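# Structure assessment
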Amino acid sequence: MRIDLHTHSNRSDGTESPADLVRRAHVEGIDVLGLTDHDTTEGWDEAAVVAAGTDVTLVRGIEVSCTFEGHGVHLLAYLPDPTHPELEHELRRVLDGRNSRLPATLERLRGVGIDIEVADVRRVAGETAAMGRPHVADALVSLGVVADRNEAFNRYLGPQGPAYVHRYAADLESMIGIVGRAGGVAVIAHPWASRHDHRALDAAGLAFLQEVGLAGVEVDHEDHAPATRAALRAVADDLGLLVTGSSDHHGLGKVGHDLGCNTTAPDQLARLLELAAAASEESGRRTPDIFRT
Ligand code: AMP
Ligand code: FE
Ligand code: FE
Ligand code: ZN
């Protein structure tokens, strides 16, 4: 059984539609696919329709932009009720922050001599509900300023770049609580990726977050070197956190993240689904989405 629990469609910064993503998963022999667009559930329904016609099981998720102790953390929320008021409200705030960052980013790019307008970004961003730096990067590619997204991040959009602008992200601790109350399961994405500052997510930090409802950590991810995976797995095992693995596939938007390049063990998925069923029952919601497809 091949289980890939973290992927992106073009409703955030992937390059495939949700339907095409599920079709690709089917062709490539993925049995269980997590669709986890950044800060939005917009792709779920389209993905579910296609999944229902194949033997791919869709796990509906969101990769929520959070902050913990002053640093960015990505939280994977699996199977929450998307209509839960607190969750909807926080996602709205994050998406509003994305939208208001865009003009500021473009202003900075113009400040370093690049002629770029919102329309240039909207044109390449297509159907995204979560406007972000990857779309600005795509616009810079379309204008011939850089060769690819990676160069755009390295030269302009990364945290040290001249066009970097801060945006709102949810408080990690409260988002873990919200995900639980919405009947979902909270797993930290790539907690020890070198791109992020992860001092706060050491064993003590993870133990604290587990107390407020964190269920697991993503261990097998391309941004974790083998030694990092081993060390994080040891911490997770010690704490009794569940362990996931995934591609973080973005279509053509990120190289080296092919579907299924990392996978989650079946027993870990089974635990995740048990926790989702329990959280769901506790939340008062009747049927978690996964049991409907
Ligand atoms: P944002 O959410 O708008 O702040 O942009 C962050 C997103 O950009 C992340 O989710 C990554 O998927 C993507 N990203 C970050 N660095 C790179 C890179 N070097 N090349 C391509 N995509 C990147
Ligand atoms: Fe992304
Ligand atoms: Fe991420
Ligand atoms: Zn991701």
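This section reports on the structure supplied with the text. Computed from a predicted structure; not experimentally measured.

## Observations regarding the coordination of the iron ion (ligand 2)
- Taken together, D13 (OD), H38 (NE2) and H250 (NE2) make up the full set of protein donors to the iron ion (ligand 2), lying 2.1 to 2.2 Å away.
- Coordination of the iron ion (ligand 2) draws on donor residues from a single chain, spaced D-x24-H-x211-H in sequence.
- Between the iron ion (ligand 2) and the iron ion (ligand 3) there is a metal-metal distance of 5.7 Å. Placement of the pair is H38 in strand β2 (residues 32–38) and H250 in the loop between β8 (242–245) and α10 (266–283), with a sequence separation of 212 residues.
- By relative accessible area, which is 9% here, H38 ends up buried.

## Describing the pairing of strand β4 (residues 71–78)
- Counting buried residues in β4 gives six out of eight residues, a clear majority hidden from the surface.
- Relative to β4, strand β3 (residues 57–68) runs antiparallel, the two sharing eight bridges. Looking at β4, one finds that V64 is bridged to L75.
- Both β4 and strand β6 (residues 185–188) contribute to a ladder of four bridges, which runs antiparallel. When the bridges of β6 are listed, A77 appears paired with A186.

## A word on helix α3 (residues 85–111)
- Look at α3: 40 Å from first C-alpha to last across 27 residues, which is about the 39 Å you get at 1.5 Å a residue.
- If you check which residues of α3 are buried, you get L87, E90, L91, V94, L95, G97, R98, R101, L102, T105, L106 and L109.
- Backbone geometry just after α3 places G113 at a positive phi near 90°.

## What to know about the nonpolar core
- In this structure, L75, L172, M175, I188, L201, L206 and L214 are the most contacted members of the largest nonpolar core, which totals 47 residues.
- V121, M131, Y156 and A163 belong to the second-largest nonpolar core, a separate cluster that totals 17 residues.

## Details of the pattern of salt bridges
- Tallying each qualifying case throughout the model produces 20 salt bridges.
- Two residues, R98 and D39, come together in a salt bridge whose shortest N-O distance is 2.9 Å. Taken as a pair, R98 in helix α3 and D39 in the loop between β2 and α2 (44–52) lie far apart in primary sequence, 59 residues in all. Each of the two residues, R98 as well as D39, counts as buried.
- Where R123 meets D120, a salt bridge forms, and the shortest distance between an N and an O atom there is 2.6 Å. Taken together, the positions of R123 and D120, both in helix α4 (residues 118–125) and three residues apart, correspond to about one turn of that helix.
- For R123, a relative accessible area of 57% translates into the label exposed.
- Three or more residues joined by partner-sharing salt bridges are found here, namely D220, E222, R229 and R233.

## Concerning the coordination of the zinc ion (ligand 4)
- Within the first shell, the zinc ion (ligand 4) binds the protein through H6 (NE2), H8 (NE2), E63 (OE) and D248 (OD), at distances of 2.1 to 2.2 Å.
- Angles of 81 to 171° at the metal separate the four donor atoms of the zinc ion (ligand 4), which places the site in the irregular class.
- Each donor residue of the zinc ion (ligand 4) lies on the same chain, and together they follow the pattern H-x1-H-x54-E-x184-D.
- The metal-metal distance between the zinc ion (ligand 4) and the iron ion (ligand 2) is 4.7 Å. With H6 in strand β1 (residues 3–7) and E63 in strand β3, this residue pair connects regions lying 57 residues apart in the sequence. Both residues of the pair, H6 and E63, belong to the buried class.

## Thoughts on the site of ligand 1
- Taken together, 14 residues are adjacent to ligand 1, and H38, R98, R101, R133 and N150 come closest.
- Between R98 and ligand 1, the recorded distance is 2.9 Å, taken from a side-chain N or O atom to an oxygen atom.
- In the model, an oxygen atom of ligand 1 is placed 2.6 Å from a nitrogen or oxygen of the R101 side chain.
- Protein contacts shield 89% of the accessible area of ligand 1, which totals 500 Å² for the unbound molecule.
- Judged by its atoms lying within 2 Å of the grid points, ligand 1 is housed in the largest pocket.
- When contributions to the shell around ligand 1 are tallied by element, the ones reaching two or more residues are α3, α5 (133–142) and α6 (149–157).
- The greatest single-element share of the shell around ligand 1, amounting to three residues, is contributed by α6.

Cut-offs and rules
Residues numbered from 1 in each chain as written. Chains lettered and ligands numbered in written order. Predicted model: local features only at pLDDT ≥ 70, side-chain atom pairs only at ≥ 80, totals over all residues. Heavy atoms only, no water. Donors = N, O, S within 2.8 Å, 3.2 Å for Na, K, Ca; no water. Helix = DSSP H or I, 4+ residues; strand = E, 2+ residues; numbered from the N terminus. Buried < 20%, exposed > 50% of the residue type's maximum accessible area, 1.4 Å probe, protein only. Pairing = 2+ DSSP bridges. Expected span 1.5 Å × (residues − 1). Core = buried A, V, L, I, M, F, W, Y, C linked by side-chain atoms within 4.5 Å. Salt bridge = Lys/Arg side-chain N within 4 Å of Asp/Glu carboxyl O. Tetrahedral: all angles 85-135°; square planar, octahedral: opposite > 155°, others 65-115°. Near = heavy atom within 4 Å. Polar contact = N/O pair within 3.5 Å; in protein donor to acceptor, adjacent residues only side chain to side chain. Areas by Shrake-Rupley, 256 points an atom, 1.4 Å probe, with all protein chains shown as cover. 1 Å grid on protein atoms, 1.4 Å probe; cavity = no way out; pocket = protein on both sides within 12 Å on 5 of 7 lines; lining within 4 Å. Sits in = over half its atoms within 2 Å of the grid points.

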